[in-house]
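Geometric and topological summary
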Amino acid sequence: MPDRHAPLRIVLAEDGVLLRDGLTALLGRFGHEVVAAVGDAEALCAAVAEHDPDIVVTDVRMPPGFQDEGLRAALALRTGRPRLPVLVLSQYVQRSYAAELLDTGDGTGVGYLLKDRVGQVEEFVAALERVADGGTVVDPEVVRQLLRRRRDPLEQLTPREREVLALVAEGLSNAAIARRLVVSEAAVGKHIGNILAKLDLPPAEDTHRRVLAVLAYLR
C-alpha cells in the first residue's frame, strides 16, 4: 500500500448502486470517508450543504433525465464555492462539459476522468487526492479529444511541447513527465518554459501559470 494522504471527507454522487457502493468501499480502504453517497443531483447539492466535504466526486449523467444533471450540479456548487474540489467521472468524453468545468475556480481543484480509470485503483485514488489538494487532473482521452477540436491556441507549439502540455493537463509533475517521456527533468522544464512563453503567460504573483496553460490548451 502506498503512503496515505490525510483522510478526506467525500460526498459521492453516482446513480449506479454497484459502482457507488464499490467506490465507497474502495475509498475506505485508502483511509478516506464517504460521508454521503447519493444517487441524484438534488441529493448531491443537499449533501454538500449538510456535510461540507473536502471533495465531491460525481457522475455526469444522473436522474431524472440522465443527461448532464450531475455536471450542472457540480458547476452550481463550484459557482457558490469556487474552491470546492470536484472530480467528475463520466462514461463518455463530453468535451464542452469538461472545458466548462475546468473554467470554474481558476481551474484549480478540479478533475475529469473516464470511469474506466476507476479500475486503475491506485492511479484513481492518487488523482482524487491531487484534486483535493487543489490540482487539476484531466483524463488523457479527454485531452486528446479536446486537442483535436481546439487546436488554435497551440498552433505555435512543437509536437513535443504539445505532448508535454498534455501530460501537465493530466496533473503530472515535471519529474513524472520526465519519467514518462524518458528525458531529463531539465529538458521538461525547458519545454514548459517554452510553452508558457508561446502562450503569452509571463510570470505573475497572483496566477498559476501551469493551470492557465492547461486552460488555454482545453479551450
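This structure is a prediction, so every number in the text was calculated from the model and none was measured. (Residues numbered from 1 in each chain as written. Predicted model: local features only at pLDDT ≥ 70, side-chain atom pairs only at ≥ 80, totals over all residues. Heavy atoms only, no water.)

1. Let's talk about the layout of surface pockets
In this structure, the largest pocket encloses a volume near 290 Å³. Along the wall of the largest pocket there are 15 residues; nearest its centre are Glu123, Arg130, Pro140, Glu170 and Arg180. When residues of the lining of the largest pocket are traced back to their parent elements, those giving at least two are helix 5 (121–132) and strand 6 (136–138). It is helix 5 that contributes the most residues to the lining of the largest pocket, 5 residues altogether. Of the residues that constitute the lining of the largest pocket, the class distribution is 8 nonpolar, 1 polar and 6 charged. Both domains that furnish three or more residues to the lining of the largest pocket are identified here as domain 1 (9–147) and domain 2 (159–218). (1 Å grid on protein atoms, 1.4 Å probe; cavity = no way out; pocket = protein on both sides within 12 Å on 5 of 7 lines; lining within 4 Å. Points joined across faces, edges and corners; volume = space filled by probe spheres on them. Helix = DSSP H or I, 4+ residues; strand = E, 2+ residues; numbered from the N terminus. Nonpolar A, V, L, I, M, F, W, Y, C, P; charged D, E, K, R; others polar. Domains from an automatic or database assignment.)

2. So, empty space enclosed by the protein
For the coordinates displayed, the defined rule picks out 1 cavity of 30 Å³ or more. There is about 40 Å³ of room inside the largest cavity. Every residue lining the largest cavity is listed: Leu165, Val168, Ile192, Ile195, Leu196, Arg210 and Ala213. When contributions to the lining of the largest cavity are tallied by element, the ones reaching two or more residues are helix 7 (159–169), helix 9 (185–198) and helix 10 (209–218). Each residue belonging to the lining of the largest cavity can be placed in one class, and the counts come to 6 nonpolar, no polar and 1 charged.

3. Overview of the pairing of strand 2 (residues 33–38)
Of the pairings in the sheet, the one linking strand 1 (residues 9–13) to strand 2 comprises 5 bridges and is parallel in character. Following the sheet pairing, Val11 is matched in strand 2 by Ala36. Taken together, strand 1, helix 1 (residues 17–29) and strand 2 constitute a β-α-β crossover, and its handedness is right-handed. (Pairing = 2+ DSSP bridges. Right-handed = clockwise from strand over helix to strand, strands pointing away.)

4. With respect to the pattern of salt bridges
For the structure shown, the criterion picks out 6 salt bridges. Note that Asp59 and Lys115 form a salt bridge whose closest N and O atoms lie 3.0 Å from each other. Taken together, the positions of Asp59 in strand 3 (residues 55–59) and Lys115 in the loop between strand 5 (110–114) and helix 5 put the pair 56 residues apart, joining distant regions of the chain. In terms of burial, Asp59 and Lys115 fall into one category: buried. For Arg180, the salt bridge goes to Glu170, with nearest N and O atoms at 3.9 Å. (Salt bridge = Lys/Arg side-chain N within 4 Å of Asp/Glu carboxyl O. Buried < 20%, exposed > 50% of the residue type's maximum accessible area, 1.4 Å probe, protein only.)

5. Description of the UniProt feature "modified residue: 4-aspartylphosphate" (unreviewed entry) in the protein
Per the UniProt record, "modified residue: 4-aspartylphosphate" (unreviewed entry) is found at Asp59. On the accessibility criterion, Asp59 (5% relative accessible area) is buried. Apart from the residues within four sequence positions on either side, Asp59 is in contact with Ala13, Glu14, Asp15, Gly70, Leu71, Leu89, Ser90 and Lys115. (UniProt positions renumbered as here; feature names shortened; annotations may be inferred. Contact = heavy atoms within 4.5 Å.)

6. Overview of the pairing of strand 5
Within strand 5, 5 of the 5 residues are buried, which leaves the element mostly enclosed by the surrounding structure. Every second residue of strand 5 is oriented toward a common face, with Val110, Tyr112 and Leu114 on one face and Gly111 and Leu113 on the other, all of them buried. Here strand 4 (residues 86–90) pairs with strand 5 via 5 bridges, running parallel. Looking across to strand 5, one finds that Leu87 is bridged to Gly111. Of the strand pairs in this sheet, strand 5 and strand 6 are connected by 3 bridges, and their pairing is parallel. In the strand pairing of strand 6, Gly111 is matched with Val137.

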